[in-house]
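# Examination of the molecular architecture
Given next are the chains, with one letter for each unit.
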Amino acid sequence: LAKTTQPISMDSYEGQEVNITCSHNNIATNDYITWYQQFPSQGPRFIIQGYKTKVTNEVASLFIPADRKSSTLSLPRVSLSDTAVYYCLVGPSGSARQLTFGSGTQLTVLP
Amino acid sequence: NAGVMQNPRHLVRRRGQEARLRCSPMKGHSHVYWYRQLPEEGLKFMVYLQKENIIDESGMPKERFSAEFPKEGPSILRIQQVVRGDSAAYFCASSLSYQETQYFGPGTRLLVL
């Protein structure tokens, strides 16, 4: 499974756009990129998944450059409730049988 | 459509006792995964099951841990003779198929005294 690298932590203010970048230099041809969000004392929650270019849903956007060696999760106009740990995962077929979670990025949204 | 359900949400056991953690997957999902999260760490895969079959148990400790997903009823993660190092949050996820997104339950927090 491709290894991922993310910033350990990020701070932002309410109303700002937040971009979290994940590096995955060894991504394989059939690997998808998936992002999960985890609040304290809760299970991870699926946010978004993509293979290339750009994917957008009601929660976030995912930007993937042509070489696919990195990806950026974009959260528009964050609020205090977006404070959480965000995990970037890479695996085949959109969701590998065993998801490999790294340390994630602790996003703190300040008032 | 109810999400993945886990019970109990919190479980306290003394060293040497048994812990049984239950997971009911989302409706229609026949693939179940168990993960363990130690404090300040990411989730670590333990086992992947389909109905009545263990597909991948590469993340399971060799001793004291077992899992099942019977034809009827929830999936069970069983830890025998618990030790303090077993204290962690245990998460269950389910998916429609092995290629589909995994959806997680709220977890069971096990504390071994």
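Here's what I pulled together on the structure shown here. (Residues numbered from 1 in each chain as written. Chains lettered and ligands numbered in written order. Predicted model: local features only at pLDDT ≥ 70, side-chain atom pairs only at ≥ 80, totals over all residues. Heavy atoms only, no water.)

### Remarks on the sheet that holds strand β8 (residues 75–79) of chain B
Residue and element names in this part refer to chain B.
- Within the open sheet, the 4 strands sit side by side as β1-β3-β8-β7. Their pairing is antiparallel. Strand pairing shows two members of the sheet lacking a second neighbour, β1 (5–7) and β7 (65–68), which therefore form its edges. Adjacent strand axes in the sheet meet at a mean angle of 15° when their direction is disregarded. (Pairing = 2+ DSSP bridges. Helix = DSSP H or I, 4+ residues; strand = E, 2+ residues; numbered from the N terminus. Axes fitted to C-alpha atoms, helices over the stretch in contact; angles between N-to-C directions.)

### What to know about the environment of Lys3 of chain A
Residue and element names in this part refer to chain A.
- Topologically, Lys3 is positioned in the segment before β1 (9–13).
- For Lys3 and Ser23, which are 20 residues apart along the polypeptide, the C-alpha to C-alpha distance reads 8.3 Å.
- The contacts of Lys3, once residues within four sequence positions are left out, are Ser23 and His24. (Contact = heavy atoms within 4.5 Å.)

### Focus: the pattern of salt bridges
All names here are of chain B.
- One pass over the structure, following the stated rule, counts 3 salt bridges over all chains.
- Note that Glu18 is salt-bridged to Arg78, the shortest N-O span being 2.8 Å. Placement of the pair is Glu18 in the loop between β2 (10–13) and β3 (19–24) and Arg78 in strand β8, with a sequence separation of 60 residues.
- Of the residues examined, Glu18 reaches a relative accessible area of 29% and is grouped as partly exposed.
- The exposure class assigned to Arg78 is partly exposed, which follows from its relative accessible area of 27%.
- We note a salt bridge from Arg64 to Asp86, for which the minimum N-O separation is 2.7 Å. (Salt bridge = Lys/Arg side-chain N within 4 Å of Asp/Glu carboxyl O. Buried < 20%, exposed > 50% of the residue type's maximum accessible area, 1.4 Å probe, protein only.)

### Considerations on the sheet that holds strand β2 (residues 18–23) of chain A
All names here are of chain A.
- Strand order in the open sheet formed by 4 strands is β2-β7-β6-β5, with antiparallel pairing between adjacent strands. Of all the strands in the sheet, just β2 and β5 (53–56) have a single pairing partner and so form its edges. On average, each strand axis in the sheet is tilted by 15° relative to the strand beside it, whichever way the strands run.
- Bridge count for strand β6 (residues 61–64) against strand β7 (residues 70–75) is 3 bridges, and the pairing is antiparallel. Looking at the pairing, Ser61 lines up with Ser74 of β7.

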